[in-house]
Each structure stands twice: as C-alpha cells, then as structure tokens.
Amino acid sequence: MAIRLEDKKAIVAEVNETAGGALSVVLADYRGVTSGDMTALRARARAENVHLQVVRNNLAKIAIRGTEFECIGEALVGPTILAFSMEDPGAAARLLKDFAKEKEAFEIKGLAVGGVLMSADQIDRLAKLPTRHEALTMLAAVTQAPITKLARTLIEVPTKVTRAVAAVRDQKQEAA
C-alpha cells in the first residue's frame, strides 16, 4: 500500500526525533513472529521506556541522517524493527535478547551505541550494562566502603583496651 508524501515526512520526522534522543538502538528481523507476540513485545517495551518502530528501510535511512545512528544504514536490509533505548542504554538490548530467546523466528541483526555499529553477537556487551539504579547502588557501595572500614578501625581500638582491662581483672581475681 502506498504511503502519501505527508505521511512519509511525518514518519521520517518521528524516527529522527526518536533517534536524536536515544542512547542506543537494536535492529532485529521480525519475520515469523505473530502479531500477538509483537503486541506483547510492544507492551514490555513501553514498560522499559524502549521505543519500537517498524519503518521502511529507505525512510529509516533518511530519518537517521544527522544522528549518531547513521552507521546502521548498511544493516537496514529486509524487514527490520528498530528498538531505541531512551533512558538506559542496555534496555533495548536486554528486551530484544530475552524476546529472541523465547521466539526462534526473531533474529537480532545488530546494534549501535555512540555512532558505532556492532554485530548481533556483541549484544551481551550492551545487555549486561547495569541499569541506572544498579550503577548508583554500586557507586554508593564503593564510596561507603572506606567510611565503614574507618569506623570499624576506630571501634577496634577501645575494644582492644576493654579486652586488655578485662584480662587484667580476671588475672587479679584468679590470684586473689
């Protein structure tokens, strides 16, 4: 079915705006996946702030011009779904990786972060990135460790003195 020129311009503008604000993108071939499965995938994507978009390849190539995802142009071959991570760079990678495990027909083509196109076998590099909350938790643990160590060290000195005094007291009681 033919798309009117105004609709094409709107699609290009929408994808360009999404790509401009995204942190990463994952491309996948969705042939053989049922519409019910795609609906479920879209619901999970909305929950994780991942923007899924099915766009004709020529419109997608036009839309990504001038963005850091211009490098994915060569991977836009055949039916492709674009998954843009808006807040967490690894969100789309985790989402599509899990979905590909469930559905054999779903195949990840590649991904891009920071203007670098990576092959599908490198999806673990992006999927294993900690979420923002996990990263902040790790940072808090690292910054808290020296303070905890100092507190334990400062508490240890009076504890040793108390043990020594108790030992002297016990010796005197035994001698008496």
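Presented here is an overview of the structure given in this document. (Residues numbered from 1 in each chain as written. Predicted model: local features only at pLDDT ≥ 70, side-chain atom pairs only at ≥ 80, totals over all residues. Heavy atoms only, no water.)

### Examining the side chain of Thr 67
Okay, step 1: In this structure, Thr 67 sits in the loop between helix H3 (57-63) and strand E3 (81-85).
Okay, step 2: Its relative accessible area of 14% is what places Thr 67 among the buried residues.
Okay, step 3: In contact with Thr 67, not counting residues within four places along its chain, are Asn 16, Ala 19 and Gly 20. (Helix = DSSP H or I, 4+ residues; strand = E, 2+ residues; numbered from the N terminus. Buried < 20%, exposed > 50% of the residue type's maximum accessible area, 1.4 Å probe, protein only. Contact = heavy atoms within 4.5 Å.)

### A look at the pattern of salt bridges
Okay, step 1: All chains considered together, the criterion is met by 7 salt bridges.
Okay, step 2: In this structure, Asp 88 and Arg 94 form a salt bridge, with 2.1 Å as the shortest nitrogen-oxygen distance.
Okay, step 3: With its nearest N and O atoms 3.7 Å apart, the salt bridge here joins Arg 163 to Glu 156.
Okay, step 4: Classification of Arg 163 by relative accessible area gives exposed; the value is 52%. (Salt bridge = Lys/Arg side-chain N within 4 Å of Asp/Glu carboxyl O.)

### Brief notes about helix H2 (residues 35-47)
Okay, step 1: Its 13 residues place the ends of H2 19 Å apart at the C-alpha level, agreeing with the 18 Å of an ideal helix rising 1.5 Å per residue.
Okay, step 2: Looking only at H2, the buried set comprises Met 38, Leu 41 and Ala 45. Looking straight down H2, one finds its buried side chains confined to an arc of 60°; they lie on one side. In this structure, H2 carries Thr 39, Arg 46 and Ala 47 as exposed residues pointing more than 90 degrees from its buried face.
Okay, step 3: Check the buried side of H2 and you find it contacts strand E2 (50-54), E3 and helix H4 (91-102).
Okay, step 4: One or two positions beyond H2, positive phi appears at Asn 49, with a value near 60°. (Expected span 1.5 Å × (residues − 1). Arc of directions from axis to C-beta.)

### Some words on the nonpolar core
Okay, step 1: Counting residues in hydrophobic clusters, the biggest one holds 23 residues, and the most contacted among them are Val 26, Leu 41, Val 50, Leu 52, Ala 83, Leu 96 and Phe 106.
Okay, step 2: Elements represented by at least two residues in this core include exactly strand E1 (24-29), H2, E2, E3, H4, strand E4 (107-113) and helix H5 (123-127).
Okay, step 3: For this core, the element with the most residues is H4, which contributes 6 residues.
Okay, step 4: For Leu 41, the residues in contact, after removing those within four places along its chain, are Leu 52, Leu 95, Leu 96, Phe 99 and Phe 106.
Okay, step 5: With 18 residues, the next largest nonpolar core counts Val 15, Ala 22, Leu 59 and Phe 84 among its residues. (Core = buried A, V, L, I, M, F, W, Y, C linked by side-chain atoms within 4.5 Å.)

### With respect to the sheet that holds E2
Strands belonging to one sheet form pairs held by backbone hydrogen bonds; the direction of such a pair is parallel or antiparallel.
Okay, step 1: What the 5 strands build is an open sheet, ordered E2-E3-E1-E4-E5; its pairing is antiparallel. Of all the strands in the sheet, the pair left with one neighbour each is E2 and strand E5 (116-119). The average undirected angle you get between the axes of adjacent strands in this sheet is 20°.
Okay, step 2: Here E1 runs beside E3; their pairing, made up of 5 bridges, is antiparallel. Paired with Ser 24 across the strands is Ser 85, a residue of E3.
Okay, step 3: Packing of helix H1 (residues 5-21) onto the sheet brings it into contact with E2 and E3, and relative to E2 it is tilted by some 150°.
Okay, step 4: Lying on the sheet, H2 is in contact with E2 and E3; it crosses E2 at an angle near 145°. (Pairing = 2+ DSSP bridges. Axes fitted to C-alpha atoms, helices over the stretch in contact; angles between N-to-C directions.)

### With respect to the packing of H2 against H4
Axis angle and axis distance: for two packed helices, these are the angle between their axes and the distance between the axes, and together they describe the pair.
Okay, step 1: Put simply, H2 and H4 touch, their axes get as near as 11 Å, and they point 155° apart. Accordingly, the angle class assigned to the pair H2 and H4 is roughly antiparallel. In this structure, the crossing between H2 and H4 has a hand that is right-handed. Contacts from Asp 37, Leu 41, Arg 44 and Ala 45 in H2 reach Leu 95, Leu 96, Asp 98, Phe 99 and Glu 102 in H4.
Okay, step 2: Across the contact of H2 with H4, the residue classes tally to 5 nonpolar, no polar and 4 charged. (Parallel < 35°, antiparallel > 145°, perpendicular 65-115°, else oblique. Left-handed = near helix turned anticlockwise from the far one by under 90°. Nonpolar A, V, L, I, M, F, W, Y, C, P; charged D, E, K, R; others polar.)

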